Amino acid sequence: MSEVTQSVNNLINQLGKLPGIGNKSAQRLAYHLLHLPKGEALALAEAIRDVKENVRYCRTCCNLAEEDQCSICRDPRRDQSTICVVEQPRDLMALEQTGAYHGCYHVLLGRIAPLDGVGPENLTIEPLLARLRQGGVKEVIMATNPTTEGDGTALYLSNLLEEFSVKITRLARGITSGSVLEYANREMLSDALSGRQTF
Ligand SMILES: [Zn+2]
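Residues numbered from 1 in each chain as written. Predicted model: local features only at pLDDT ≥ 70, side-chain atom pairs only at ≥ 80, totals over all residues. Heavy atoms only, no water.

S.K.: Sorry if this is basic, but what is going on with the pairing of strand β5 (residues 139–142) here?
M.R.: Residues of β5 alternate between two faces, with Glu139 and Ile141 on one and Val140 and Met142 on the opposite face, all of them buried. Relative to β5, strand β3 (residues 79–86) runs parallel, the two being bridged by four bridges. Bridged to Val85 within β5 is Met142. Where β5 meets strand β6 (residues 167–170), four bridges bridge the pair, whose relative direction is parallel. (Buried < 20%, exposed > 50% of the residue type's maximum accessible area, 1.4 Å probe, protein only. Helix = DSSP H or I, 4+ residues; strand = E, 2+ residues; numbered from the N terminus. Pairing = 2+ DSSP bridges.)

In structure tokens:
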């Protein structure tokens, strides 16, 4: 690597930190970027800067937002009395793409995973409880992933929510156990939503 300049080396190192990018891929990407017109390459840099500077978490549901609240929470057509609890913004995106859900969401930003040192206190459970305390919520749908940790998180939450008079449901098990929400297809997710059962 001695023949490359310090800047190129730095770019390769930074790209190599991305998930799924090994050293060879990092080199390929770096040379690809080097050969791009300046404007195109800088557009990537700008896009990274923009998300880091402008994107934050919605103060209500913890989805990604560029304002105080996300576009779903700000949409008056969304049913505020139904909250669908997901692990990550990408799970929310998968459910949104079904077009079958018109309620609101709550993004936990993780799941309880004792082996990874993630406990309930690391999730956005407190803001969810605050929403329920405010009243007006009739149903909470557990849409955590059908994995051991996702199921455990849903169980933990459902126990916690018992004190509120809300209906607690979970997605139907159309989704194969162990598979991940973001990879499930639209029809499958749509069926899982419409066939949801009481927890
Ligand atoms: Zn929101």
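Back to the text.
S.K.: Got a minute to help me understand the packing of helix α1 (residues 6–16) against helix α2 (residues 23–35) in this structure?
M.R.: Between two packed helices, both the angle of their axes relative to each other and the distance between the axes serve to describe the pair. Look at α1 against α2: their axes get within 8 Å of each other, and the N-to-C directions meet at 125°. In terms of orientation, α1 and α2 fall into the oblique class. With respect to the hand of their crossing, α1 and α2 are arranged in right-handed fashion. From α1, Val8, Leu11, Ile12, Leu15 and Gly16 reach across to α2, where they touch Asn23, Ala26, Gln27, Leu29, Ala30, Tyr31, Leu33 and Leu34. Classifying every residue of the contact of α1 with α2 gives 10 nonpolar, three polar and no charged. (Axes fitted to C-alpha atoms, helices over the stretch in contact; angles between N-to-C directions. Parallel < 35°, antiparallel > 145°, perpendicular 65-115°, else oblique. Left-handed = near helix turned anticlockwise from the far one by under 90°. Contact = heavy atoms within 4.5 Å. Nonpolar A, V, L, I, M, F, W, Y, C, P; charged D, E, K, R; others polar.)

S.K.: In this structure, what is going on with the sheet that holds β3? I would like to understand it.
M.R.: Hydrogen bonds along the backbone pair up the strands of a sheet, which may run parallel or antiparallel. Sheet architecture is open: five strands sit in the order β4-β3-β5-β6-β7, paired in mixed fashion. The two strands at the open ends of the sheet, each matched to only one other strand, are β4 (103–107) and β7 (197–198). As paired strands, β3 and β4 are joined by five bridges and run parallel to one another. Residue pairing across strands places Val86 opposite Val107, the latter belonging to β4.

S.K.: Honestly, the coordination of the zinc ion in this entry has me stumped. Any pointers?
M.R.: Of the protein atoms, only Cys58 (SG), Cys61 (SG), Cys70 (SG) and Cys73 (SG) coordinate the zinc ion, at distances of 2.3 Å. Its four donor atoms give the zinc ion angles of 103 to 118° at the centre, a pattern that matches the tetrahedral case. The sequence motif formed by the donor residues of the zinc ion is C-x2-C-x8-C-x2-C. The burial state of Cys70 is the same as that of Cys73; both residues are buried. (Donors = N, O, S within 2.8 Å, 3.2 Å for Na, K, Ca; no water. Tetrahedral: all angles 85-135°; square planar, octahedral: opposite > 155°, others 65-115°.)

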